[in-house]
Amino acid sequence: MKTYQLLITLRGVQPKIWRRLLVDPRTTMADFHLILQTTLGWTNSHLHSFNVGRKEYAPVDFEMDGTNDYAGLKLNKLLLKEGQKMTYVYDMGDFWEHDILLEAIIQDDPAEVLPRCIAGKRSSPLEDSGGAHGYMELLKAVGNPKHPEYEEISEWAGNFDPEFFDMAMINAMLQEEEIGRASCRERV
C-alpha cells in the first residue's frame, strides 16, 4: 500500500513547530484538514484553506472568494510526487501558515493504521494568540515573570507548555476519532 510521508512545519515561529505524518494518499481534503487539526492541537474553530501553486481550495460553504471547492478532492490529486509542497492556512485572522512537504511515497504495511504521527516537536500555539508575531510575544511574556504582561498572559494561557509534544496521545486521538479512514476504508 502506498503511503504519503508528510512533513508539516508552522511558518514564522522559532524554534520550529513541526509534525511528520503517514497518511493514506486517498484521504479527502476535508479529512486531511481534521487530521491536521488533531495532530497540531488546533480546535477546528476557524476557516482554513489549502494552496497548491496558484490554486486555493476550501469548503464551498466558507464562501471564500477565489477558492475552489475541495468537496471529494483527495490528497493524491494535489500532491503527486515526492518533494512537492502545499500550504495549509488556518484561521484567516491569525493566519497560521503551515508548509506541507511530501517527503516520500513509501510502501507501508497495510496492517498499520493510518493516519499516524511518527515524529514532531513542540506544541502548536494557542488558538487566537495573534498569529506568529503574537505567539512569539506570548512566549516572551509566559517565560519571564518580570515581563509587564506576564500575569495577564499567564492567566489567559493557563498551563500552556510550548515544549509539550506527546506523539502517543496524538495517535490515540487520531484513532479515537477515526479521522481519515472514512474516505479510504479499503486499505489493501
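As a reminder, the structure under discussion sits directly above these lines.
Below, the structure is looked at part by part. Just so we're clear, the structure is a prediction, and the values are computed from it rather than from any experiment.

1. Brief notes about a negative patch on the surface
Item 1. There is a patch of like negative charges on the surface, built from Glu149, Glu151, Glu152 and Glu155.
Item 2. Relative to the assigned elements, Glu155 resides in helix H4 (residues 150-157).
Item 3. Of the residues examined, Glu155 reaches a relative accessible area of 69% and is grouped as exposed.

2. Some thoughts on the packing of aromatic side chains
Item 1. On inspection of all chains with the given rule, the structure shows seven aromatic pairs.
Item 2. Taking 6.4 Å as the distance between ring centres and 75° as the angle between the ring planes, the aromatic pair formed by Trp96 and Tyr135 counts as edge-to-face. Here the residue Trp96 occupies a position in strand E7 (residues 96-107), and Tyr135 occupies one in helix H3 (residues 131-142), the gap between them amounting to 39 residues. Side by side, Trp96 and Tyr135 carry an identical accessibility label, which is buried.
Item 3. Between Tyr135 and Phe160 the ring centres are 6.2 Å apart and the planes differ by 75°, which places this aromatic pair in the edge-to-face class. Residue Tyr135 is found in helix H3, and its partner Phe160 is found in the loop between H4 and helix H5 (167-176); the two are separated by 25 residues along the sequence. Phe160 carries the same exposure label as Tyr135, and that label is buried.

3. Description of the pairing of E7
For a regular strand, the rule is simple: side chains alternate between the two faces of the sheet.
Item 1. Of the pairings in the sheet, the one linking strand E1 (residues 2-10) to E7 comprises nine bridges and is antiparallel in character. Looking at E7, one finds that Lys2 is bridged to Gln107.
Item 2. Where strand E6 (residues 85-90) lies against E7, six bridges are found, and the strand directions are antiparallel. For Tyr90, the partnering residue across the bridge sits in E7 and is Trp96.
Item 3. The hairpin turn running from E6 into E7, its antiparallel successor, is five residues long, and Asp91 in that turn takes a positive phi close to 70°.

4. Structural notes on the side chain of Thr39
Item 1. With respect to the helices and strands, Thr39 occurs in helix H1 (residues 29-40).
Item 2. Residues within four places of Thr39 in sequence aside, it is in contact with Arg19, Leu21, Cys117, Ile170 and Leu174.

5. Overview of the pairing of strand E4 (residues 55-58)
Item 1. In terms of strand pairing, strand E3 (residues 48-52) meets E4 through three bridges, oriented antiparallel. Within E4, the residue paired with Asn51 across the bridge is Glu56.
Item 2. Adjacent in sequence and paired antiparallel, E3 and E4 are bridged by two residues, among which Gly53 carries a positive phi angle near 60°.
Item 3. Alignment of E4 against strand E5 (residues 68-69), held across two bridges, turns out to be parallel. Within E5, the residue paired with Tyr57 across the bridge is Asn68.

6. With respect to the environment of Leu138
Item 1. Among the structural elements, Leu138 can be located in helix H3.
Item 2. For Leu138 and Glu149, which are eleven residues apart along the polypeptide, the C-alpha to C-alpha distance reads 8.9 Å.
Item 3. Apart from the residues within four sequence positions on either side, Leu138 is in contact with Leu126, Ser129, Ile153, Trp156 and Phe160.

7. Brief notes about the environment of Tyr135
Item 1. The buried category is assigned to Tyr135, whose relative accessible area is 1%.
Item 2. For Tyr135 and Val13, which are 122 residues apart along the polypeptide, the C-alpha to C-alpha distance reads 7.8 Å.
Item 3. Not counting residues within four places of it along the chain, the set of residues in contact with Tyr135 comprises Val13, Ile17, Trp96, Arg122, Ser123, Pro125, Ser129, Phe160 and Pro162.

So, how was this worked out
Here the residue numbers are simple positions, counted from 1 along each chain's written sequence. Only residues with pLDDT of at least 70 are given local features in this predicted model, and only at 80 or more are side-chain atom pairs given and counted; all residues enter the totals for whole chains, interfaces and linings. Only hydrogens and water are set aside; all other atoms, that is, all heavy atoms of the structure, feed into the side-chain values. Two distance rules govern patches: like charges are joined within 9 Å, and nonpolar side chains (Val, Leu, Ile, Met, Phe, Trp, Tyr) within 5 Å, applied only to residues with over 30% relative accessible area and no salt bridge. Only the protein chains shown count as cover for residues, with accessible areas throughout obtained via the Shrake-Rupley method and a probe of 1.4 Å. For this analysis, a salt bridge means a side-chain nitrogen from Lys or Arg found within 4 Å of a carboxyl oxygen belonging to Asp or Glu. Charge convention: Lys and Arg are scored as positive, Asp and Glu as negative, and His as well as the terminal groups of each chain are ignored. Positions of charges follow a simple convention, taking NZ of Lys, CZ of Arg, CG of Asp or CD of Glu. Under the DSSP-based scheme used, a helix requires at least four consecutive residues in state H or I and a strand at least two consecutive residues in state E, with every element numbered from the N terminus. Summary of the burial criterion: residues with accessible area below 20% of their type's maximum are buried, those above 50% are exposed, and those between are partly exposed, where the area comes from a 1.4 Å probe applied to protein chains only. Classification of ring pairs rests on two measures: the distance between centres of Phe, Tyr or Trp rings, Trp counted by its six-membered ring, which must be within 6.5 Å, and the angle between planes, read as stacked under 30 degrees, edge-to-face over 60 and tilted in between. A pair of strands is considered paired only if DSSP assigns at least 2 bridges between the two. When checking whether two residues touch, look at their non-hydrogen atoms; a contact exists if any pair is within 4.5 Å.

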